[in-house]
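For reference, the chains in residue letters:
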Amino acid sequence: MAKEMLSNEISRVKFNPIIMNASGAKCTYEDELKKLAASDTGAVVLKSTTVEPRKGNPKPKYWDNEFGSINSNGLENLGYKKTAEMADMLAKEFRKPVIPSIAGLHYEDYLTMAEELGKTKAAALEINLSCPNIPGKPQVAYDSLQSKKVLEKVRELTNKPLFIKLPPYLELIHQDEILEILLEADVQALILINSVANTLSIDAEKEQATILPKKGLGGLGGKFIKPVALGQVWSFHNKMKEKGKEIPIIGVGGIYSGTDAFEFLLAGASAVQVGTAYYQEEGKIFRRLKEELMDLLEAKNYKNVKEVIGKLKTIEER
Ligand code: DHB
């Protein structure tokens, strides 16, 4: 098995393998992060942080089954100062990229956190514009002018590669609108997609919502959302190709197998992340996914993941 088969670079950040965790699941506390970093994950992405530490929303705030999950964590985290410390510790102890994630509750928060986390040994910063679970705080990414303002100012405050975490845009003109801003901003990757916001699961026997916050509404992940995520990756990939300016995409949403990861590569992703399936299977999932993807590439005579990116064929009209 070739050592570099699953490797790729995004803005000088080397991922080997290109399979890593998604921010959110089991990446908030030091013990979780050390376990994650010691696994075969290609990078360590930290839970989105806020300026102040937060306990997050009241429990129960997570539900899952074999098809996926609904979460309304509410940004439970240790605050950006502790996050910066943990990022430096991880970068020192483990030889893989460390990516803190920031989620401001206010415009200024993004600036404060980007500046400080920009001084750490982090390989890149995730700018999360799409947290759906804070009552009264709409997702920044659905406000293109606000997104533009955040991205422009953050870029002035740090030289780190910026990876932008986005929600799904189900209408194509909304994709065009945000893409115009992303292509003008100096950003190095798009992470597509965050959980699908404001979904509901019901315990029919109890006649009750399965989670407590926001009257039961939370962000959907896992197998439920793979076609949504693939659609976003494929659409953004094609739109950028047409414009001749391609920001690399990191695909996320319903990856449970090597074949799932392969599908995201075909649709245009340069790397992939695993959220719900990592929550369910824990760190050992990364070795399994690596092996499955490697076997699949070998069986199909690909030498490297790079050969697969965006190679999806569409069915020709007759
Ligand atoms: C939370 C959920 C998200 O999908 C996200 O992007 C950030 C935070 C949360 O509820 O903590």
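Residues numbered from 1 in each chain as written. Predicted model: local features only at pLDDT ≥ 70, side-chain atom pairs only at ≥ 80, totals over all residues. Heavy atoms only, no water.

> Tell me what's going on with the packing of helix α6 (residues 226–243) against helix α7 (residues 258–267), and back it up with residues and numbers.
Relative to each other, α6 and α7 sit at 25 degrees, their axes nearing to 8 Å. Our classification of the angle between α6 and α7 gives roughly parallel. The residues of α7 that touch α6, namely those facing Lys226, Ala229, Leu230, Val233, Trp234 and His237, are Asp260, Glu263, Phe264, Leu266 and Ala267. Partitioning the contact of α6 with α7 into residue classes produces seven nonpolar, one polar and three charged. (Axes fitted to C-alpha atoms, helices over the stretch in contact; angles between N-to-C directions. Helix = DSSP H or I, 4+ residues; strand = E, 2+ residues; numbered from the N terminus. Parallel < 35°, antiparallel > 145°, perpendicular 65-115°, else oblique. Contact = heavy atoms within 4.5 Å. Nonpolar A, V, L, I, M, F, W, Y, C, P; charged D, E, K, R; others polar.)

> Help me get a handle on the site of the ligand, residues and values and all.
Taken together, 13 residues surround the ligand, and among them Lys47, Gly74, Leu75, Asn133 and Asn194 come closest. In the environment of the ligand, an oxygen atom lies 3.2 Å from a nitrogen or oxygen atom belonging to the side chain of serine 195. In the complex, the protein chains occlude 93% of the 290 Å² of accessible area that the ligand would expose alone. For the shell around the ligand, the residue count by class is three nonpolar, nine polar and one charged. (Near = heavy atom within 4 Å. Polar contact = N/O pair within 3.5 Å; in protein donor to acceptor, adjacent residues only side chain to side chain. Areas by Shrake-Rupley, 256 points an atom, 1.4 Å probe, with all protein chains shown as cover.)

> Can you break down the pairing of strand β14 (residues 218–221) residue by residue, with the values?
Relative to β14, strand β6 (residues 68–71) runs antiparallel, the two sharing three bridges. Paired with serine 69 across the two strands is glycine 221, which belongs to β14. The pairing of strand β11 (residues 196–199) with β14 spans two bridges and is classified as antiparallel. Bridging from a neighbouring strand, valine 196 pairs with leucine 220 of β14. (Pairing = 2+ DSSP bridges.)

> Give a description of the pattern of salt bridges that names residues and reports values.
A side chain with one charge may pair with a side chain of the opposite charge, provided their charged atoms come close. Evaluated as defined, the whole model comprises 17 salt bridges. What you see here is one network of salt bridges that share partners, running through Glu30, Lys82 and Glu85. (Salt bridge = Lys/Arg side-chain N within 4 Å of Asp/Glu carboxyl O.)

> Now, about the sheet that holds strand β9 (residues 162–166): what can you tell me, with residues and values included?
Ordered in space as β3-β16-β15-β10-β9-β8-β7-β4, the eight strands form an open sheet in which the pairing is parallel. Pairing within the sheet leaves two strands with one partner each, and these edge strands are β3 (19–21) and β4 (44–49). Neighbour-to-neighbour, the strand axes of the sheet open up by a mean angle of 25 degrees, direction not taken into account. As paired strands, β3 and strand β16 (residues 269–274) are joined by three bridges and run parallel to one another. For methionine 20, the partnering residue across the bridge sits in β16 and is glutamine 273. Lying over the sheet, helix α2 (residues 80–93) contacts β4 and β7 (98–102), oriented at roughly 175 degrees with respect to β4. Across the sheet, helix α9 (residues 284–299) touches β3 and β16, and the angle it forms with β3 is around 160 degrees.

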